[in-house]
Amino acid sequence: MQIALYQPDIPQNTGTILRLCACMGVAAHIIEPAGFAVSDRNFRRSGMDYLDQVDWRRHDSWTQFEEWRRSAGHRLVLFTTKGATPYLDFRYQASDILLFGRESAGVPQGVAEAADARVVIPIRPGLRSLNVAMAAAVALGEALRQTGATPAHTSD
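All residue numbers refer to positions counted from 1 along the written sequence of the respective chain. The model is predicted, so local features are restricted to residues of pLDDT at least 70 and side-chain atom pairs to those at 80 or more, both for listing and for counting; the totals for chains, interfaces and linings are taken over all residues. With hydrogens and water excluded, all non-hydrogen atoms of the structure serve as input to the side-chain values.

Labelled according to an unreviewed UniProt entry, the protein chain appears under the name tRNA (cytidine(34)-2'-O)-methyltransferase, originating from Bradyrhizobium erythrophlei. UniProt positions are given in the numbering used here, feature names are shortened, and annotations may be inferred rather than shown by experiment. On record in UniProt, under Sequence similarities (unreviewed entry), the comment for the protein chain is "Belongs to the class IV-like SAM-binding methyltransferase superfamily. RNA methyltransferase TrmH family. TrmL subfamily."

Enquirer: Honestly, the UniProt feature "binding site: S-adenosyl-L-methionine" (unreviewed entry) in the protein chain in this entry has me stumped. Any pointers?
Expert: Residues annotated by UniProt as "binding site: S-adenosyl-L-methionine" (unreviewed entry) correspond here to G101, I121 and S129. Judged by maximum C-alpha separation, these annotated positions cover 29 residues in sequence but sit close together in space, the widest gap being only 13.6 Å. Counting from the N terminus, the helices are the DSSP runs of H or I reaching at least four residues and the strands are the DSSP runs of E reaching at least two. As for its position among the elements, G101 is in the loop between strand 6 (97-100) and helix 4 (109-114). Contacts are assigned to residue pairs with any non-hydrogen atoms lying within 4.5 Å of each other. Excluding anything up to four places from it in sequence, G101 contacts Y6, G106, V107 and V132. Locating S129 in the fold gives a position in the loop between strand 7 (117-120) and helix 5 (132-147). Classification of S129 by relative accessible area gives partly exposed; the value is 48%. Relative accessible area decides the class of each residue, using a 1.4 Å probe on protein chains only: under 20% of the type maximum gives buried, over 50% gives exposed, and in between gives partly exposed.

So, in structure tokens, the structure goes:
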């Protein structure tokens, strides 16, 4: 299981998602251009010392990411408010990449069309969307549960 962020805007959300990935043992991908530099103080503060504990990679463009993904044979699952399948009804695979769009604009139509699946996290009518870091946590939790890949619990 992996998470990809399409041109993220907000450094705090990206840092939080990378921290989530570190804690869950999931690789992460940032598809450039991001709306901030990885040296950004807010990004580093949100990721804390977990950034050294996560396997993450930056891709210079959507095209570069897509070439890498296709050659690696990973299925791409886009989380979008325009998705037709509720995330709890979708059947995840251990090699899936969960894709989340920009906080300000989601993903362009071409990116949505390239996804193998488009799923939605249903929310109450009249509300726009969840925070992207919250959506990533909800989605990843279900995907790991279904695939049996949740980290082992220790009582330290």
